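Each chain is listed here by its residues.
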Amino acid sequence: LPSLSSSSLFLHLSPLSPLLPLPLSICLRLFALPSDLQHDIVSFSVAVINRSKRLKDNHIGQVQVQLSSLPNRKLRDEWYELRPRNKGSACGSIRLKAQFQHEIILPEAEYSTLKELITQGDLWVIRLLYEIVMVKDRKELCSTMLKIFRTEPSGPVRLVRSLAQHEIKNHAEDTSTLFRASSIATSSLEEFMRSQTVAYLSANLKGFIQEVLNFKGSCEVSPARADRAEEIGANFENLINFVQRLADIILTSAEMVPE
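Residues numbered from 1 in each chain as written. Predicted model: local features only at pLDDT ≥ 70, side-chain atom pairs only at ≥ 80, totals over all residues. Heavy atoms only, no water.

> Quick rundown of the overall build of the protein? Include the residues and the values.
Within the protein, the regular secondary structure consists of six helices and six strands. Put simply, the protein runs from its N terminus to its C terminus through helices and strands in the order β-β-β-β-β-β-α-α-α-α-α-α. A burial count over the protein gives 26% of its 259 residues as buried. Of the contacts formed within the protein by residues at least 6 apart in sequence, a portion of 57% connects residues at least 24 apart. In the form shown here, the protein has an accessible surface area of approximately 17500 Å², with 58% of it arising from carbon and sulfur atoms. (Helix = DSSP H or I, 4+ residues; strand = E, 2+ residues; numbered from the N terminus. Buried < 20%, exposed > 50% of the residue type's maximum accessible area, 1.4 Å probe, protein only. Contact = heavy atoms within 4.5 Å. Areas by Shrake-Rupley, 256 points an atom, 1.4 Å probe, with all protein chains shown as cover.)

> How would you summarise the environment of Asp122 if you had to cite specific residues and measurements?
Position of Asp122 relative to the elements: it lies in the loop between helix H1 (112-119) and helix H2 (124-132). Accessibility expressed as a relative area gives 40% for Asp122, which makes it partly exposed. Residues Asp122 and His166, spaced 44 residues apart in sequence, show a C-alpha to C-alpha distance of 8.3 Å. Setting aside residues no more than four positions away along its own chain, Asp122 makes contact with Arg127 and Ser162.

> Account for the packing of aromatic side chains, naming residues and giving values.
Summed over the entire model, instances satisfying the criterion amount to two aromatic pairs. An angle of 85° between the planes, with centres 5.1 Å apart, marks the rings of Phe215 and Phe242 as edge-to-face. Placement of the pair is Phe215 in the loop between helix H5 (184-214) and helix H6 (232-252) and Phe242 in helix H6, with a sequence separation of 27 residues. For Phe242, a relative accessible area of 9% translates into the label buried. Through successive ring pairs, a cluster of aromatic residues spans Phe208, Phe215 and Phe242. (Phe/Tyr/Trp six-rings, centres within 6.5 Å; stacked < 30°, edge-to-face > 60°.)

> Let's hear about unusual backbone geometry: which residues, and what values?
The backbone phi angle of Leu123 is positive, close to 65°, even though this residue is not glycine. One can find Leu123 in the loop between H1 and H2. A residue is classified by how much of its surface remains accessible, and Leu123, at 0% relative accessible area, is buried. One non-glycine residue, Ser154, adopts positive backbone phi at about 55°.

> Please give an account of the nonpolar core that cites residues and values.
Formed by 16 residues in total, the largest nonpolar core has its most connected members in Ile118, Leu123, Ile126, Met145, Phe149, Leu159 and Leu163. Mapped onto this core, the elements with two or more residues apiece are H2, helix H3 (138-149), helix H4 (155-170) and H5. In terms of residues, this core owes the most to one element, H3, which gives five residues. If near-sequence neighbours (up to four positions away) are discounted, Ile118 is found in contact with Leu123, Val125, Ile126, Met145, Ile148 and Phe149. In this structure, Val46, Val48, Leu82 and Ala98 belong to the second largest nonpolar core, which totals 14 residues. (Core = buried A, V, L, I, M, F, W, Y, C linked by side-chain atoms within 4.5 Å.)

> Go over the packing of H3 against H5 with me, naming the residues and quoting the values.
Direction vectors running N to C along H3 and H5 enclose 60°, while the axes themselves pass 9 Å from each other. Between H3 and H5, the crossing angle belongs to the class labelled oblique. Crossing geometry of H3 relative to H5 is assigned as right-handed. Between H3 and H5, the contacting residues are Lys139, Cys142, Ser143 and Leu146 on the first element and Ile184, Ser187, Ser188, Glu191, Phe192 and Arg194 on the second. Class assignment of the residues belonging to the contact of H3 with H5 gives a composition of four nonpolar, three polar and three charged. (Axes fitted to C-alpha atoms, helices over the stretch in contact; angles between N-to-C directions. Parallel < 35°, antiparallel > 145°, perpendicular 65-115°, else oblique. Left-handed = near helix turned anticlockwise from the far one by under 90°. Nonpolar A, V, L, I, M, F, W, Y, C, P; charged D, E, K, R; others polar.)

In structure tokens, the structure reads:
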């Protein structure tokens, strides 16, 4: 992204929901070739919007974070003051957990030896890496391994099958911990299923979900939470309409579900 000077993230808040002291987690990754090291991405901004169902959205405030303040790969948890667009006085604060990762991507040929080591035999290198990396990094490890195996025919399937077979073999006498949540076979299978369904979800549900998010009406049917009691009937119709459309989208796209 050599021509991008900053990126913006918009957080939409419901006027009925209070701001909770929970951190908004942000992970930015910048991938660059050696020739692109002089990039001009220097900051990102977060804007807090009070979204109204009937009126124009109200801009509460925003904060701009300099990437130079985020050490590479290290998570930073901090409160930032929100400033209005007209650069007036602070109008509150927001807690951000931000992580910036800058990686230099070399030509593919430079990784050929490493790739051969990772994909050879019974994948002992991958199992060893899984045991020595920190727990919080295991998901990223599985995702990265899947990307490597996608470069060969049926690679991801071979990866998941090999790891599953190895786990079954090692738990032949005690199946109580077979495919436990923290095992590499389970983690790899979850990442594989997630990667296989992204295209389907995006093609079939992205537009519908965006329409729901932009919907100015209400689907609230609880008398205790509805703005006005007389609106519950119309809200119920909105809810039924969305649910029916969602069911129709899923049922009519069955043939597109990844096998």
